[in-house]
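Descriptive structure summary
The lines below spell out each chain.
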Amino acid sequence: MAYFGNNQQRGELQELYADLNDLNFEKKKEAVKKVIAYMTVGKDVSQLFQSVIKCLEFQDIEMKKLIYLYIVNYSRQKPDDAIMVIQNFRKDVRKSENPLVRALAIRTFGCLRVPKLNEYLIEPLKDCISDDDPYVRKTAVLCVPKVFEVSPELCPPVLDQLQKLLEKESNALVLANLIQSMREIEVVNGKQLILMNPKIIQKLLLAVDECMEWGQIFILDYLATYDPADSKQAEIIIERTLPRLSHINPTVTFCAVKLILKYLDYLDNGDLVKNLCKKISPSLISLLSWNQSEIQYTILRNISLILQKFPILFENEVKVFFCSFNEPYYIKYEKLDIMVRICDSKNFTQVLNELMIYINEADPHFVRKTIKSIGKIGMMYDKALNEAVSILVEFAKNVQQATEPVQELFIQMQILYRKNRNLYKTNDSLKILFNILEYANEAEAKSACAWIVGEFAEFIPKSVEKMKEYIDNFLIEDRLVQLQLLTSGVKLYIKYPSLCSALIQQLINSAKDSFNPDVRDRTYIYWRLLSTDPEVVKNLVCSAPIGSSQFQKDVRLWETKDLIIALENMGSISNLFHKLPNQLYKNIKVRNNHQQEAKIYKADEKQEAPQKDQEIKKNDQNQQQPQQQQQQQQQQQQQQKQDFDLLNFDEPVSNNNNNTNNKMDVYDLI
Amino acid sequence: MISSLSFINQKGEILIYRVYKDDISRSEITQFCAKMIATKENKESPIINIDQTSFIHISIKDIIILATTKTDVNVAMVLEFLYQLSKICKSYFQGILDENCIKKNFVLIYEILDEVLDYGIPQIADPNILQKFIQEGGIQQETSMNIERLRQLTVTITGAVSWRPTGLHYEKNELYLDIIESVNLLISAKDTVLRAEVVGSIELKSKLTGMPECQIGMNDKLLMGKQARTTKQNGGIAIDDMKFHPCVGLPKFEKDRTITFIPPDGHFQLMSYRISENINIPFKVNVIYSDISENKLEIRLKIKSIYDKNVYGTNIAVKVPVPKNTVNVISATALGKAKHEIEEQSVIWRIKKLQGDVETSLRCDISLGATNKEQTWSKPPLKMEFQIPMFTSSGLRVRFLKVMEKGAYKTNKWIRYLTRGGEYLHRL
């Protein structure tokens, strides 16, 4: 049988037409197969619709399936012809004794998606929902959302039937499909459809033990969105879910983890919470080293969420996130991110030692990310600063060309110098960096170099010559570099007034002609200031840096208030992209969060309220003000500000613009 | 849920295309294909989101299986489903899934796709069950006409023990048990163990009559702690985590840690486990790189097998990385053969068989060509592959395997152990 026909003549369709109408059954069947093959490669065979559906008169199941496939594909193009099939479907549903045929018919019927055909469907559908055979029932319940999508007005009686079935159905598989089906309708409808009661929950929990793996996922996934009435109920559901942690299907395990994590908030018993955490942790770690890297990746993407709410789960487990040499890079990137998040004042040496190894890897992106991570760790922990810098300096010694990692090196070194200006005293970093300044070619890296030259002019040999080099090319530089050059040029002038008078003249001359209004504005400001009182400029530009206190550890990825909703949706696509469902999908509404605050689970204490502890900066004025509302508002604002912090991790795409703007502001700080 | 499924070949052509929901167009898939072919690299994540459409794919050799969706589905579930789908296809096509057999069997694949997903929601994805009612050339006429049989079939499919058909009969009841362990090891350049972990699986081949219930017991520390007679034996080993085939009664395991199951027919993976404590590292490796001169490098490598004397390691391969500009390698060893493989950028030392508690060594003199850059060579880790029959790195042992069925029921049982190298790496 030919799959891709070689003879692409016009006569092909006619030939098929003839074969389909042939009296010989085998010939017809071959022709139907050919039609499907054409359909697969994207050829339009809709003209054969009538001839194909005529073949339905045979009771051959294989052929029937193929024809149904064809009909589903073209029913929307040929709604009038599709009507002719209705009788066949109804006959199959009502008369056939073969449950497979009944199920096949109702399944296909639902896929026609032609509004005017659906009214013929409702009655047979009702019959199938109350069919004796569980296979037919499980198929019929899934047919409802198909119809609902196209003709919601026809559905109310069927929906009632579903709710009734929910209460009386005993087959686990049907029950699981039923839950999933009703949830699909809820998404389309935007209204709650499933009415829960303790009896149904009991049934669902029973069904989890009995139905196939996918059904278990549907039920666990659904229960994760349910808010248990009290601690007792939460405990019961958790207890019944625990065995799922040992299921071979990673998604079943993951859904069970999700459900348990969510329900932890409802438990009164602190010891129980601790015990549960101990049980969940090894299960999660197995998933993290899952041998299918795609699945491993999705789990890794969700870890940041778990880490934020349940730091306790990965206590002392940083080794789990060490990269293997042969892993795909998308896994390595994630692990690197997580290692920085998980890094704390106790294990930073371990993490830095590991990162040091990655610097030697071949992939420039990965090395760049590694350098960035080292910089971040140096920023976060005062104690780690020296170690981080010495790793970077060691790397700088071996630099021989303008690679991507080198760009990041300049950027990170600049940030670290800003954190602690005295760094230049402790090692040869300045000298080594100065030797490789020529390798900076990205705007951000160049601007970092310009800053270094200006800031440490006294300690760098030939700093004035270097600056002259930069200024000669001023106009072709990026805005970011131009702004930094201006500031650095002025710094040099303040430090060496006589040596740099020509230089500053040249700088101002070029800068006032810049295409960029910001650059021009700043040029004029400096110009005026310099011509009125250089002493003021000195205080402004060369004052001591604000110091390390302005940089704080903030590895939160999610807003604290979003944590619970995010947790309920753990494992979903939106979560994978570190967003809430309504941020990724316009049509989805997130249900209201009844809980005010998400609890954070740390290793030392049992639980704590997050807001107050996590707030790093506390405004004195705030504390004096009595109105709580205002305080909260300000705190929220602060939180937002922090989210644009320099230290923050990869922002969601939508935030990118804000983020870069903000970054520039930080660099422009004088 | 899932809007469409496609099988795509290396050239980016769609081989199979099945739509489950109406919200996706073929052109979106072709765009994705073009993109896939253009990048090809392994860096892209397996999930791409373009304008609210998510493309989730896995690669099985040259075939890409792609699912698309416009809703906020559970990604891990879709991925796991795609993997199971590939397994189903392989079970139908004698373990092969390539372009040829897809083209040859497209009718059958469409039939399978019709059954495994409904409205994009995963349904029956167990190859054993599917084989019962989807077969090449349709199911046997006899079955399809016999309504009673069909009823039985649908009850089995939707029932609680869906993985095992009723009425199986064998002349001899046989049960084959394989315990296979992969050792993942990471040792730093300073010779400290950064990570040692065993990922193991227990695989069964069952040829049993009727509906027997089986119970398996291992030297699991927690289980043996529960049973009183542990005093004589050593305390057993700590298993971090276990994952079971659906046939294992999980509530019972959760309650008293006994593993009971009604096995599927034929070959299946009963469980997988992970152990990170007290791993017996099978080899001690000692390697020294010394630069003799600008274009000469010497590598001395020593390996000691640290398993029992009457155990033999087989098919051992040590991949010793060498610089890119290696021109010639002269190697000397008492055991096995060492060869410079340019594509791997390493000298691969292969030893067919190595007894326990034996030390052997390799010496390589390497001549280097001239390089234009004076960049220091950063050595990738040294990798080892091996298989050691009748040895488990974790020390796991099966203590008993009971088969319980009414009447005089006799079962012949065989058991094998194997440890092999997983990610077995020494940093240099």
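You'll find the structure just up there.
Please read these numbers as outputs of a predicted model, since none were measured by experiment.

Observations regarding the overall build of chain A
Secondary structure summary: chain A contains 37 helices and zero strands in total. Taken across its 670 residues, chain A has 59% of its residues classed as buried. Across chain A, every contact between residues at least 6 apart in sequence was considered, and the portion connecting residues at least 24 apart equals 68%. Accessible area for chain A stands at about 28,600 Å²; split by element, carbon and sulfur atoms hold 48% of it.

What about helix 27 (residues 479-495) of chain A?
All names here are of chain A. For helix 27, built from 17 residues, the straight-helix expectation of 24 Å at 1.5 Å per residue is met to within 8% by its first-to-last C-alpha distance of 24 Å. Burial analysis of helix 27 places 14 of its 17 residues in the buried class, the great majority of the element. Capping of helix 27 at its N-terminal end is provided by Asp478; its side-chain oxygen lies 3.0 Å from the backbone amide nitrogen of Leu480.

Side note on unusual backbone geometry
Residue and element names in this part refer to chain B. The phi torsion at Asn278 lies on the positive side, around 50 degrees, for a residue other than glycine. Assessed through its relative accessible area of 66%, Asn278 is described here as exposed. In this model, Met390 sits at a positive phi of 55 degrees, which is unusual for a non-glycine residue. Here Met390 falls in the partly exposed class, since its relative accessible area comes to 45%.

With respect to the interface of chain A and chain B
It is common to give the size of an interface as the accessible area that goes away when the parts come together. Taken together, the contact pairs 100 residues of chain A with 97 residues of chain B. Of the roughly 8,500 Å² buried at the junction of chain A and chain B (both faces included), carbon and sulfur atoms supply 57%. The tally of links between chain A and chain B comes to eight salt bridges. Between Arg113(A) and Asp22(B) there is a salt bridge; the shortest N-O distance is 3.3 Å. The interface formed by chain A and chain B holds 36 residue pairs in polar contact (both at pLDDT 80 or more) in total. Counting residues per element, the side of chain A that touches chain B draws most heavily on helix 9 (residues 134-150) of chain A, which supplies eight residues. Each residue belonging to the side of chain A that touches chain B can be placed in one class, and the counts come to 50 nonpolar, 27 polar and 23 charged.

Quick look at the sheet that holds strand 4 (residues 53-60) of chain B
Residues and elements named next belong to chain B. The strand order 2-1-5-4-3 describes an open sheet built from five strands, whose pairing is antiparallel. At either end of the open sheet lies a strand with only one pairing partner, and these are strand 2 (14-19) and strand 3 (47-50). Taking each pair of neighbouring strands and ignoring which way they run, the sheet shows an average axis angle of 20 degrees. Note: strand 1 (residues 4-8) against strand 5 (residues 63-69), five bridges, orientation antiparallel. The residue bridging Ser6 from the neighbouring strand is Leu66, located in strand 5.

Some points on helix 8 (residues 122-129) of chain A
Restricting attention to buried positions, one finds in helix 8 of chain A the residues Ile122(A), Pro124(A), Leu125(A), Cys128(A) and Ile129(A). One side of helix 8 of chain A holds all its buried residues, which, seen down the axis, span an arc of 160 degrees.

Description of the side chain of Ser572(A)
Inspection of the secondary structure assignment puts Ser572(A) in the loop between helix 31 (563-568) and helix 32 (573-576). Relative accessible area serves as the criterion here: at 5%, Ser572(A) is assigned to the buried category. In contact with Ser572(A), not counting residues within four places along its chain, are Asp72(B), Val73(B), Asn74(B) and Val75(B).

Quick look at the packing of aromatic side chains
Within the structure shown, the criterion is met by 26 aromatic pairs over all chains. Centre to centre, the rings of Phe89(A) and Phe109(A) are 4.9 Å apart; their planes meet at 25 degrees, and the pair counts as stacked. Here Phe109(A) lies in helix 6 (residues 99-110) and Phe89(A) lies in helix 5 (residues 79-95), a separation of 20 residues in the sequence. One exposure class covers both Phe89(A) and Phe109(A), and it is buried. Here a set of aromatic residues connected by ring pairs shows up, and it is made of Phe283(B), Tyr307(B), Phe386(B), Phe391(B) and Tyr424(B).

Examining the nonpolar core
One finds Phe314(A), Ile377(A) and Phe7(B) to be the most contacted residues of the largest nonpolar core, which totals 279 residues. In terms of residue count, helix 2 (residues 75-92) of chain B provides more of this core than any other element does, 11 residues in total. Not counting residues up to four positions away in its chain, the partners in contact with Phe314(A) are Leu284(A), Ile285(A), Leu288(A), Ile303(A), Ile306(A), Leu307(A), Phe321(A) and Ile342(A). Formed by 67 residues, the second largest nonpolar core is a distinct cluster that contains Ile216(B), Ile275(B), Val320(B) and Leu382(B).

Remarks on the environment of Ile415(B)
Residues and elements named next belong to chain B. With respect to the helices, strands and loops of the structure, Ile415 is situated in strand 23 (residues 412-426). What makes Ile415 partly exposed here is its relative accessible area of 36%. Between the C-alpha atoms of Ile415 and Arg274, which are 141 residues apart in sequence, the distance is 20 Å. When neighbours within four sequence positions are excluded, Ile415 is seen to be in contact with Leu177, Ile179 and Val398.

Observations regarding the packing of helix 16 (residues 270-288) of chain A against helix 17 (residues 293-309) of chain A
Residues and elements named next belong to chain A. Running from amino to carboxyl end, helix 16 crosses helix 17 at an angle of 140 degrees, the nearest separation of the two axes being 9 Å. When the axes of helix 16 and helix 17 are compared, the pair comes out oblique. Note on element contacts: helix 17 touches helix 16 through Gln296, Ile299, Leu300, Ile303 and Ile306, opposite Leu284, Leu287 and Leu288. Of the residues in the contact of helix 16 with helix 17, the class split is seven nonpolar, one polar and no charged.

Description of the pattern of salt bridges
Close approach of charged atoms lets side chains of opposite charge pair. Summed over the entire model, instances satisfying the criterion amount to 57 salt bridges over all chains. When the shortest N-O distance is used, the salt bridge between Glu111(B) and Lys65(A) registers 3.0 Å. Of this pair, Glu111(B) sits in helix 4 (residues 106-116) while Lys65(A) sits in helix 4 (residues 61-74), which puts the two residues in different chains. Salt-bridge contacts for Glu254(B) lead to Lys279(A); the nearest nitrogen and oxygen are separated by 3.1 Å. Placement of the pair is Glu254(B) in helix 9 (residues 250-256) and Lys279(A) in helix 16, with the two residues belonging to separate chains. With relative accessibility at 27%, the residue Glu254(B) sits in the partly exposed group. Under the relative-accessibility criterion, Lys279(A) is labelled partly exposed at 42%. Salt bridges linked by common partners bring Arg107(A), Arg18(B), Asp114(B) and Glu115(B) together as one network.

A few points about the sheet that holds strand 20 (residues 359-368) of chain B
Residues and elements named next belong to chain B. What the four strands build is an open sheet, ordered 14-15-20-17; its pairing is antiparallel. Each end of this open sheet is capped by a strand with a single partner; those strands are strand 14 (283-293) and strand 17 (326-333). Mean inter-strand twist for the sheet, computed between neighbouring axes without regard to direction, equals 15 degrees. Relative to strand 20, strand 17 is paired through seven bridges, and the arrangement is antiparallel. When the sheet's bridge partners are listed, Ile330 is paired in strand 20 with Asp365.

Quick notes on the pairing of strand 10 (residues 213-218) of chain B
Residue and element names in this part refer to chain B. Burial analysis of strand 10 places five of its six residues in the buried class, which makes it a mostly covered element. Bridging between strand 10 and strand 12 (residues 259-261) involves three bridges; their strand directions are antiparallel. Pairing of Cys214 across the sheet is with Phe261, part of strand 12.

About the thresholds
- Residues numbered from 1 in each chain as written.
- Chains lettered and ligands numbered in written order.
- Predicted model: local features only at pLDDT ≥ 70, side-chain atom pairs only at ≥ 80, totals over all residues.
- Heavy atoms only, no water.
- Helix = DSSP H or I, 4+ residues; strand = E, 2+ residues; numbered from the N terminus.
- Buried < 20%, exposed > 50% of the residue type's maximum accessible area, 1.4 Å probe, protein only.
- Contact = heavy atoms within 4.5 Å.
- Areas by Shrake-Rupley, 256 points an atom, 1.4 Å probe, with all protein chains shown as cover.
- Expected span 1.5 Å × (residues − 1).
- Polar contact = N/O pair within 3.5 Å; in protein donor to acceptor, adjacent residues only side chain to side chain.
- Buried area = accessible area lost by both parts, 1.4 Å probe.
- Salt bridge = Lys/Arg side-chain N within 4 Å of Asp/Glu carboxyl O.
- Nonpolar A, V, L, I, M, F, W, Y, C, P; charged D, E, K, R; others polar.
- Pairing = 2+ DSSP bridges.
- Axes fitted to C-alpha atoms, helices over the stretch in contact; angles between N-to-C directions.
- Arc of directions from axis to C-beta.
- Phe/Tyr/Trp six-rings, centres within 6.5 Å; stacked < 30°, edge-to-face > 60°.
- Core = buried A, V, L, I, M, F, W, Y, C linked by side-chain atoms within 4.5 Å.
- Parallel < 35°, antiparallel > 145°, perpendicular 65-115°, else oblique.

As far as function goes, none of this settles anything; it's purely spatial.
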